[in-house]
Amino acid sequence: MTTPLYFDAFESELGWCAIVGREKTVSRVVIGCESQLQTEDYLQQQLKSQKEKFDIREENWFEECRIALQNYASGEPVCFNQFTADLSHLTRFQQKILRLVQKIPSGQLETYGNIAIRSGHPGAARAVGGALSKNPVPLIIPCHRVVGSSGKLTGFTAPQGLTLKQRLLDLEQLAIA
């Protein structure tokens, strides 16, 4: 039996975006695509990596989350802590890292190494990067606020990669060396 998920694709100042989930829980966020078709293709690729089969129903789902994402993309300050993310398909380590990153306030940066230390795994900066690459809900969990030890931008698996990461930081008015 398939688990129904609801899907909403929409345009924003950051390009095409999508949110996926059920009830008021967000399973996936896609940001920065060039078209609705690319958004849907990108999302399908992400969902294929999970073993569970999904019945995706497209509709105007979870309007509060969509509006928050559009407002953020327009440069308005938005706190995403009100939204619940489904991380159940991730390992405990990945969940722990993402929960730590979720607490990074807007306007602040953190390094992979510091996240590793805070998680109780000093020296595991690469593992932190690996966990962040699995983040299914960018912006709700602001992995774009994590940078390399030198302060340089490294890694971002969303469409547009580091270009999008820089745009997100610019929206939050963070200067990167």
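Everything in this summary refers to the structure shown in the same document. (Residues numbered from 1 in each chain as written. Predicted model: local features only at pLDDT ≥ 70, side-chain atom pairs only at ≥ 80, totals over all residues. Heavy atoms only, no water.)

## Some remarks on the packing of helix α3 (residues 92–102) against helix α5 (residues 125–132)
Okay, step 1: Contact pair α3 / α5: the axes reach a minimum separation of 9 Å and the direction vectors enclose 85°. Between α3 and α5, the interaxial angle falls into the category roughly perpendicular. Counting all contacts with α3, which are made through F93, Q94, I97, L98 and V101, the residues of α5 involved are A127, V128, A131 and L132.
Okay, step 2: Split into classes, the residues belonging to the contact of α3 with α5 amount to 8 nonpolar, 1 polar and no charged. (Axes fitted to C-alpha atoms, helices over the stretch in contact; angles between N-to-C directions. Helix = DSSP H or I, 4+ residues; strand = E, 2+ residues; numbered from the N terminus. Parallel < 35°, antiparallel > 145°, perpendicular 65-115°, else oblique. Contact = heavy atoms within 4.5 Å. Nonpolar A, V, L, I, M, F, W, Y, C, P; charged D, E, K, R; others polar.)

## Describing the packing of aromatic side chains
Okay, step 1: For the coordinates displayed, the defined rule picks out 3 aromatic pairs.
Okay, step 2: Ring centres of F62 and F83 lie 5.5 Å apart, and the angle between their planes is 80°; this geometry places the pair in the edge-to-face category. Taken together, the positions of F62 in the loop between β4 (54–58) and α2 (63–73) and F83 in the loop between α2 and β5 (84–85) put the pair 21 residues apart, joining distant regions of the chain. F83 carries the same exposure label as F62, and that label is buried.
Okay, step 3: Taken together, F62, Y72, F80 and F83 form an aromatic cluster joined through their ring pairs. (Phe/Tyr/Trp six-rings, centres within 6.5 Å; stacked < 30°, edge-to-face > 60°. Buried < 20%, exposed > 50% of the residue type's maximum accessible area, 1.4 Å probe, protein only.)

## Describing the environment of K134
Okay, step 1: With respect to the element layout, K134 can be found in the loop between α5 and β7 (146–147).
Okay, step 2: A residue is classified by how much of its surface remains accessible, and K134, at 45% relative accessible area, is partly exposed.
Okay, step 3: Sequence-wise, K134 and Q95 are 39 residues apart; in three dimensions their C-alpha atoms are separated by 9.7 Å.

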